[in-house]
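Listed below, chain by chain, are the residues.
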Amino acid sequence: MTLSIVKRTEDDLTQWLATESGFISGLCHYDSEPVVLEPYQQALLDNRSRFRWVAKSRQVGFSFLFALEALARCHLRDGHTAVFVSYNLSDAVEKVLIARQVYEELPTAFQKKLVTDAKTELAFESNAKGRRLSRIISVPSKPPRGKRGDAYLDELAHYVNDREVYTGSTALILRSHGQLTGCSTPLGRRGIFWEIASQELRKYPHHTRQQVPWWLCRFFSLDVRRAAVEAPLMPTEERVVRFGRPVLVEQFDSLPQEDFQQEFECLLRRRVLQLLALRAHPPVHHRRAALGPRRLRRARAPGAPGGGLRRGPHERPLGAGRLRGGAGPLHVPHAAQLRGRALRGAGGPPAPPPRCPARGAPQRRPQRHRNESR
């Protein structure tokens, strides 16, 4: 597939190359081949919203697109900064490698001087007066504080600290008038990515949303235009047979259907957690055994040391018995609700019986107050 571009005048060509999509389509090459943008990639480049949110299939080219857009803006603007936040360090390095390779294949007349060439950062010096630097910075999943510019949160749903990263990234676009882009393959109905993509908990009116399943990508779909209309109305198996290329059919046969729908069809799978049944240890009667004069021994409750009913993040067990689950101690976030309530089968100790004096011991009379009448 080749891309032919016809411009009327030299001014039209200049104006087109001054845009991100024109710079990428007209000047960028990867592996010695010109870059051809997909329609959904073109739609993201044309989106000028401050918050862009993309739910996508695997391997549809958004990480590659982010590297190209950042490289284009660094060459079209002075003092621009693009910050990539990735799932781990290897993914962070990969985006910089893509931008570095595409930069090497740019025409020399359009290249800015590369002054910083590191695994996680590229810096380009402007040819204009002032020699301002434009940078591409890539970091693993942590809040990119202390910077400003465009922020790209790639595979946000898979971060362990996704909410913290999102909260620390929104301020990057305030003074720079940049864009924050959240893009990920879904991972169930959880996390900040799901909240913004679905808006089931509350509305996010300033975020524009885009959904890219596999049938919109020409590397996976036999007929993208027809699939865009017919595939959403079909069940998964039927649209895979009708529009899927052999590589996608192999993926469908290799995965459970729910996993395939989540990884390639942007389905927010509802995860069902099955709790293990709780078991209670038999009751323990705290008997006393005489070991000598005035020496008593209390029976110990069964179970592992430190077990029992625990409260929240604290490790100190409550005096409520030895209630344990199949996978360890049961943690209760609100222990105040258990106060004053009997636990069925918990095996708590009964109230100690009153102590009786030994036979033949002298009886001690209760002492009376001095003002009490005899």
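Residues numbered from 1 in each chain as written. Predicted model: local features only at pLDDT ≥ 70, side-chain atom pairs only at ≥ 80, totals over all residues. Heavy atoms only, no water.

Peer 1: Can you explain the overall build of the protein? Please cite residues and give values.
Peer 2: Within the protein, the regular secondary structure consists of 11 helices and 17 strands. Each of the 374 residues in the protein was classed as buried or not, and the buried ones make up 39%. Excluding contacts between residues fewer than 6 apart, the proportion of contacts in the protein whose partners are at least 24 apart in sequence is 61%. Carbon together with sulfur atoms contributes 51% to the accessible area of the protein, which is approximately 23600 Å² in total. (Helix = DSSP H or I, 4+ residues; strand = E, 2+ residues; numbered from the N terminus. Buried < 20%, exposed > 50% of the residue type's maximum accessible area, 1.4 Å probe, protein only. Contact = heavy atoms within 4.5 Å. Areas by Shrake-Rupley, 256 points an atom, 1.4 Å probe, with all protein chains shown as cover.)

Peer 1: Help me get a handle on the side chain of Glu 155, residues and values and all.
Peer 2: With respect to the helices and strands, the residue Glu 155 is situated in the loop between β8 (150–154) and α6 (162–169). Residues in contact with Glu 155, not counting those within four places in the same chain, are Lys 56, Cys 183, Ser 184 and Thr 185.

Peer 1: Break down unusual backbone geometry for me, with residues and values.
Peer 2: In this structure, His 177 takes a positive phi of about 55 degrees despite not being glycine. Considering the arrangement of structural elements, one finds His 177 in the loop between α6 and β9 (180–184). With phi around 55 degrees, Gln 199 is a residue other than glycine that occupies positive phi space.

Peer 1: Residue-level account of the packing of aromatic side chains, with values.
Peer 2: In the structure shown here, the tally under the stated rule is 12 aromatic pairs. On the numbers, 6.3 Å between centres and 55 degrees between planes, the contact of Phe 62 with Phe 66 is tilted. Of this pair, Phe 62 and Phe 66 are both found in helix α4 (residues 62–76), 4 residues apart, which corresponds to roughly one turn of the helix. Phe 66 matches Phe 62 in its accessibility class, with the two residues each being buried. Between the aromatic rings of Phe 260 and Phe 264, the centroid separation amounts to 5.2 Å while the plane-to-plane angle is 25 degrees, which identifies the pairing as stacked. (Phe/Tyr/Trp six-rings, centres within 6.5 Å; stacked < 30°, edge-to-face > 60°.)

Peer 1: Before we move on, can you summarise the environment of Ala 70 with the specific residues and values?
Peer 2: Along the chain, Ala 70 turns up in helix α4. Sequence spacing of Ala 70 and His 80 is 10 residues, and the spatial spacing of their C-alpha atoms is 8.9 Å.

Peer 1: Before we move on, can you summarise the pattern of salt bridges with the specific residues and values?
Peer 2: Taken as a whole and judged by the stated rule, the model has 21 salt bridges. When the shortest N-O distance is used, the salt bridge between Arg 77 and Glu 20 registers 3.3 Å. Separated by 57 residues along the polypeptide, Arg 77 in the loop between α4 and β4 (81–85) and Glu 20 in helix α2 (residues 20–27) bring together distant segments of the chain. We classify Arg 77 as partly exposed; its relative accessible area is 34%. The buried category is assigned to Glu 20, whose relative accessible area is 6%. In this structure, Arg 242 engages Glu 230 in a salt bridge whose closest nitrogen and oxygen atoms are separated by 3.8 Å. Separated by 12 residues along the polypeptide, Arg 242 in helix α9 (residues 236–243) and Glu 230 in helix α8 (residues 224–230) bring together distant segments of the chain. Classification of Arg 242 by relative accessible area gives partly exposed; the value is 37%. (Salt bridge = Lys/Arg side-chain N within 4 Å of Asp/Glu carboxyl O.)

Peer 1: I'd like a description of the environment of Glu 20, backed by residues and values.
Peer 2: Distance from Glu 20 to Ala 70, taken between C-alpha atoms, is 8.9 Å for residues 50 residues apart in sequence. The contact partners of Glu 20, leaving out residues within four places of it in the chain, are Leu 45, Arg 48, Glu 69, Ala 72, Arg 73, Leu 76 and Arg 77. Of note is the side chain of Glu 20, whose polar atom sits 3.0 Å from the side chain of Arg 73. (Polar contact = N/O pair within 3.5 Å; in protein donor to acceptor, adjacent residues only side chain to side chain.)

Peer 1: Which residues make up the layout of surface pockets, and what are the values?
Peer 2: Here the largest pocket defines a volume of roughly 1100 Å³. Lining the largest pocket are 40 residues, and of these Gln 41, Val 60, Gly 61, Phe 62 and Phe 64 sit closest to its centre. Of all the secondary-structure elements, those providing two or more residues to the lining of the largest pocket are α2, β1 (29–30), β2 (33–34), α3 (39–46), α4 and α5 (89–104). No other element matches α4, which puts 5 residues into the lining of the largest pocket. Across the lining of the largest pocket, the residue classes break down as 18 nonpolar, 10 polar and 12 charged. (1 Å grid on protein atoms, 1.4 Å probe; cavity = no way out; pocket = protein on both sides within 12 Å on 5 of 7 lines; lining within 4 Å. Points joined across faces, edges and corners; volume = space filled by probe spheres on them. Nonpolar A, V, L, I, M, F, W, Y, C, P; charged D, E, K, R; others polar.)

Peer 1: Describe the packing of α4 against α5, with residues and values.
Peer 2: Here α4 crosses α5 at 55 degrees, and the two axes come no closer than 9 Å. If you check the angle between α4 and α5, you find them oblique. Read as a crossing pair, α4 and α5 show a hand that is right-handed. Residues Ser 63, Phe 64, Ala 67, Leu 68, Leu 71 and His 75 of α4 pack against Lys 95, Ile 98, Ala 99, Val 102 and Tyr 103 of α5. Broken down by class, the residue content of the contact of α4 with α5 amounts to 8 nonpolar, 2 polar and 1 charged. (Axes fitted to C-alpha atoms, helices over the stretch in contact; angles between N-to-C directions. Parallel < 35°, antiparallel > 145°, perpendicular 65-115°, else oblique. Left-handed = near helix turned anticlockwise from the far one by under 90°.)

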